[in-house]
Structures are given as C-alpha cells and as structure tokens.
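As a plain string of letters, each chain reads:
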Amino acid sequence: MRELLIGRRFGASGDTDAFFAAFTTVSFVFLLLTGGALQGSFMPAYQRLRSRGDIGAARSLLVWTSVLIGGFGGSLAVILYLGAEPLISILYPGFDSRLRNTGALALQILSPVAAIAPLGNLAQSVFNARSSYFAPAAMPVLTNLVVVGFLVVTFAGLGVQSLTLGYLVGYLPWLVLLAWTFAERGTHPKAIDASVQRTMLTSLTLLGMLAVFDQLSSVVQRSLLSWFEPGILSTFAYGSRLAGIPISVIVGALGVVLFPRFVAAAATNKNYGKSDLIYVSIAATLTVIVPVSLFMAIDAGFIVRFLFSGSAMDAAAMERLDVVFITYSLALPAQALIIILSRIYMAANKNHALLIISAAFGAIHILLTYLATKWLGWQGVPIATFAYSYLFCTALLIYLTRFNTMSAAVYARGGAVMLIAALLSSAVGLLALGDGVISSAAGGLGMAGTFLICCLTLGEKAVLELFRSGRS
C-alpha cells in the first residue's frame, strides 16, 4: 500500500529517484545488521536459554545484544548523516546536482532509522521467540500508517521529503516495542556464558558479511539505473516492491513459523538427518507461492492499470512498470525458496556455507546486472535478477543434500507434480482472467484452486502435512 500511495501521489520522477536512492542506502545498513543475522545467531541462542528455563540468562543475552546492535547502528547512522553528500554522489553517479542534493538531504533525515530499525527487528525476534505475534505484526502496519499520514498532511509543503520525515517518525514506536521486551516479569539478569557471546559475535560477523553480499547487488542495481532517464529508478522500485508483497506477507509468515521448527529438528537430528520437515516446508512454500506468482504475471497488465490509473504515473512509466512487475512476479518461487532455505541453513548452523554460496552468487548477480544493462538497457536489471534468483536457489538446493538425506527421487517427483500443476493453473488463468475486478478475482481463485487440487490429486500434500504438524 505504501509504494502504491507514493506512486499515485508522486509518479516516477527524479525526486522519487532521489528518495529511493536514500532509502536503499539506509536499508543496506539496516540489513547489514539484521538481514538474517538475528535469526541465525540471536534467535537460536535465546530460544535455547528459554527452553531450558534459564529466563535470567535469556534476558541478559537480550540486553547484551541490544547494546551491541544499538552501538553499531548508532555509529553507522552518524556516518550516514555526516557523509550523506559524498555517499549519494559516489553511489548514484548518474544524478545531476539537484538530485544529489535532494538525495543527500533525504539520507540525513533517514539516517537515525539505521539505528532504530535493527533494534525494532530485535524486538520482533524476541516476541516471536515467546510465541507472541500480535505486537510485532502490528508495528509495520503502524509505521506505514504514520508514513501515509505524513504524506497526506505535509505533501503540499514538503514534497518528497514528507516521505523521509514520515519514515523517521514511523520507526520511533519500534523503540517502545523493544522496551516492552524488557518488561517480562520474574526475570533477574544472570551472567552470560562467554562461549555464547563468542558464538554470537562470530555468527553476527558472518551473517553481516552475508547481508553485504546479498544487498550490495541492490545498491549496484540502483546505481546503474541512475544513469538512465529520471523516473526509471522509481519505476523499478515500485514494480519490485509490489511484486514482492507475497514474499513479505506469505513467505515472511512461513519463515517466522517454520524457523523454530528447523532449530528443534536440527537439534534433535544432527544436520536434520532424515527429517521430513525440510521437504514438507519446501513443497508447502511452492504450493502457496507458485499460483500467486503465475496469477500476478498473467494478469500484470490489469493489476498495474487498476492500481495506478488516474495517478501521476505517465504512460511510459506504466509500460516500464509492467515489465518489472511481470519479471519479478515470475521470480517469486525462487526468491521464496531462497528465504526458506536460508532459514534451514541458519538453524543447522551452516552459516559458513551459506556465506560462501551467497558471496559467490552475489558477485554473479552484480556481473549479470552490469552485462545485462549494457546489452538490454534498464530492462537488464529485472532480467538479471530473475536469472540470479533461480541460479542461487538451485545452488542452495544442491548443497542441501549434504546435510539432509531426503531421497532425490522424492524431490524429483514433487517437482514434476508442481510443474504439471503450474501448467494447468496457467491454462486456467489464460482462459479466465479478464479486464475487470470480478473476473480477475475469480480467475485468481480458479488458478489457486486448480493448482491445489492438482497437487492433492497427484499425492503432493505438503501443505496439509505442515498444517497438521503445526496443530499438533
């Protein structure tokens, strides 16, 4: 909704390019600290302490991690604020002087988010570990409401900077959420085992490096897009973020629910052993996300027109948005599996392997993006991301066989079932989808129903198995 409102209000222009450049730079720092690092290092240690009833040690670990993350985040926020102008000039060389100044101001306003957001992410991890999901789920909604409020109230006077102020104020309640995590009754601080601290620091370092390789490609993409005409960078941001909504909503929720199960399975069976949970999680994720991906790609033209008709977006921007939206929609299955597989690796303490694979394919992504933009222009950016997503996903699946002994025949059979279901679901979509809300909704439901029925009929019941295991 946030990108939709921004796009409708501002369209795709140089000013919105400057905003997204600043936001991407802050996001890079935020994800450097928390892009999987908390899930892979803090969460397992915190959950182990709580599971054995050592609440005091768990609280001390939370305090220590908060100071560590807050200190790093605060230092990086100061660097962003003081170095805003040279950073924007170096990272986005295609901007003219006016856009560089606009981007630098936006980066200075947003710089505190680099310290606040990681602490908020830490608070979310704590609430999830305590099986309390309402507060962490409500906070992103509150942040978006604040951003929308600032946009509506201050747009006329502040223009694009109303977005930056909205984001800054919108993230402040995350500090309240963090303070709330310390309010657990009956807890008395205890000394933390030095080995736990060393393990945490090692994991945070490795996973921070992983985030660098993962997110550096995003910065490079936007840096290359800054050389093209104003508005293309914004169009890319709108299309990729809108197409990524199912990842945030569906796969994000699956990741939160599944990660504690992965940790338990890895602890019970060394390197997961013959645990069915890994295959069931992968198959269930694909069963949910593939029909969504196909629906979005086939009906992209109507979806884009429905969302942005009558907005500040011109016809050329709408056409570019179509291309980005379709390409990213088709990449959703691979991106969903990358998230789930990363959680599987982290829970089994395979962080070093994950780092090496991610670094290699992060470099490949950057190279593909550079070459594709040389050959295809700005369209090369989404196409390179599509290719990278499936290559990276394939590499993670291949290495998974080293520590999960599920038969390759089982995976091959499941893949064949998914392919048949995808073909039938696509046929239904091509026949049923039309230029109307009702026909689009009916076609989408028809595609999802066809995919699920086909999977169940052919014996692929991973979604039902996952649901049953969750209830038990």
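Scroll up to find the structure.
Residues numbered from 1 in each chain as written. Predicted model: local features only at pLDDT ≥ 70, side-chain atom pairs only at ≥ 80, totals over all residues. Heavy atoms only, no water.

## What to know about the overall build of the chain
In terms of helices and strands, the chain carries 22 helices and zero strands. A buried classification covers 54% of the 472 residues belonging to the chain. Residue pairs in contact within the chain that sit at least 24 positions apart in sequence constitute 82% of those at least 6 positions apart. As displayed, the chain has an accessible area near 20,100 Å², and 68% of this comes from carbon and sulfur atoms. (Helix = DSSP H or I, 4+ residues; strand = E, 2+ residues; numbered from the N terminus. Buried < 20%, exposed > 50% of the residue type's maximum accessible area, 1.4 Å probe, protein only. Contact = heavy atoms within 4.5 Å. Areas by Shrake-Rupley, 256 points an atom, 1.4 Å probe, with all protein chains shown as cover.)

## What to know about the environment of A384
Here A384 shows up in helix 19 (residues 380–400). Spatially, the C-alpha atom of A384 lies 6.4 Å from that of A372, the residues being 12 residues apart in sequence. Among residues more than four places away in sequence, those in contact with A384 are H365, L368, T369 and A372.

## A look at the environment of P140
Inspection of the secondary structure assignment puts P140 in helix 8 (residues 134–158). For the pair P140 and G170, spaced 30 residues apart in sequence, the C-alpha separation works out to 8.8 Å. Apart from residues no more than four positions distant in its own chain, P140 is found in contact with Q124 and W174.

## Considering the pattern of salt bridges
Proximity of charged atoms lets side chains of opposite charge pair with each other. What the rule picks out here adds up to two salt bridges. A salt bridge links R98 to D15, with the nearest nitrogen and oxygen atoms 2.8 Å apart. Here the residue R98 occupies a position in helix 6 (residues 97–110), and D15 occupies one in helix 2 (residues 14–34), the gap between them amounting to 83 residues. Residue classification places R98 among the partly exposed positions, given a relative accessible area of 47%. (Salt bridge = Lys/Arg side-chain N within 4 Å of Asp/Glu carboxyl O.)

## A closer look at the packing of aromatic side chains
For the structure shown, the criterion picks out 15 aromatic pairs. Ring plane angle 85° and centroid distance 5.2 Å describe the contact between Y279 and Y411, whose orientation is recorded as edge-to-face. Within this pair, whereas Y279 is found in helix 14 (residues 277–298), its partner Y411 is found in helix 20 (residues 408–432), the two being separated by 132 residues in sequence. Y411 gets classed as partly exposed once you look at its relative accessible area, which sits at 23%. (Phe/Tyr/Trp six-rings, centres within 6.5 Å; stacked < 30°, edge-to-face > 60°.)

## Some points on the packing of helix 5 (residues 84–91) against helix 6
Contact pair helix 5 / helix 6: the axes reach a minimum separation of 8 Å and the direction vectors enclose 125°. In terms of orientation, helix 5 and helix 6 fall into the oblique class. In the crossing of helix 5 with helix 6, the sense of the turn from one axis to the other is right-handed. Residues A84, E85, L87, I88 and S89 of helix 5 form the contact with helix 6, whose own contacting residues are R100, G103, A104, L107 and Q108. Along the lines of polarity and charge, the residues of the contact of helix 5 with helix 6 split into five nonpolar, three polar and two charged. (Axes fitted to C-alpha atoms, helices over the stretch in contact; angles between N-to-C directions. Parallel < 35°, antiparallel > 145°, perpendicular 65-115°, else oblique. Left-handed = near helix turned anticlockwise from the far one by under 90°. Nonpolar A, V, L, I, M, F, W, Y, C, P; charged D, E, K, R; others polar.)

## A short note on a nonpolar patch on the surface
Residues L367, Y370, L371, W375, L376 and I383 make up a contiguous nonpolar surface patch of about 640 Å² in total accessible area. Among the elements that take part in the nonpolar patch, helix 18 (residues 351–376) stands out by supplying five residues, more than any other. Structurally, the position occupied by I383 is in helix 19. A relative accessible area of 40% means that I383 is categorised as partly exposed. (Patch = residues over 30% accessible without salt bridge, like charges linked within 9 Å, V, L, I, M, F, W, Y side chains within 5 Å.)

## A look at helix 16 (residues 315–330)
Residues that lie three or four places apart on an α-helix share one face, since the helix turns once every 3.6 residues. In this model, helix 16 (16 residues) spans 23 Å end to end at C-alpha, consistent with the 22 Å of a helix rising 1.5 Å per residue. The complete set of buried residues in helix 16 reads A317, M318, R320, L321, V324, F325, T327, Y328 and S329. Two to three positions downstream of the cap, the backbone nitrogen of A316 sits 3.3 Å from a side-chain oxygen, assigning the N-cap of helix 16 to D314. (Expected span 1.5 Å × (residues − 1). Polar contact = N/O pair within 3.5 Å; in protein donor to acceptor, adjacent residues only side chain to side chain.)

## Quick word on helix 7 (residues 113–129)
Helix length check: helix 7, at 17 residues, gives a terminal C-alpha distance of 24 Å against a target of 24 Å (1.5 Å per residue), a fit within 8%. Within helix 7, 17 of the 17 residues are buried, which leaves it mostly tucked inside the rest of the structure. Where helix 7 ends, the next residue or the one after it, S131, has phi of about 60°, a positive value.

## A few points about the packing of helix 14 against helix 20
Running from amino to carboxyl end, helix 14 crosses helix 20 at an angle of 20°, the nearest separation of the two axes being 10 Å. Considering the angle they form, helix 14 stands roughly parallel to helix 20. Like other packed secondary-structure pairs, helix 14 and helix 20 cross with a definite hand, here right-handed. Mapping the contact onto sequence places I278, Y279, I282, A283, L286, T287, V290, L294 and I298 in helix 14 and V410, Y411, G414, M418, A422, S425, S426, G429 and L430 in helix 20. The residue inventory of the contact of helix 14 with helix 20, partitioned by class, reads 13 nonpolar, five polar and no charged.

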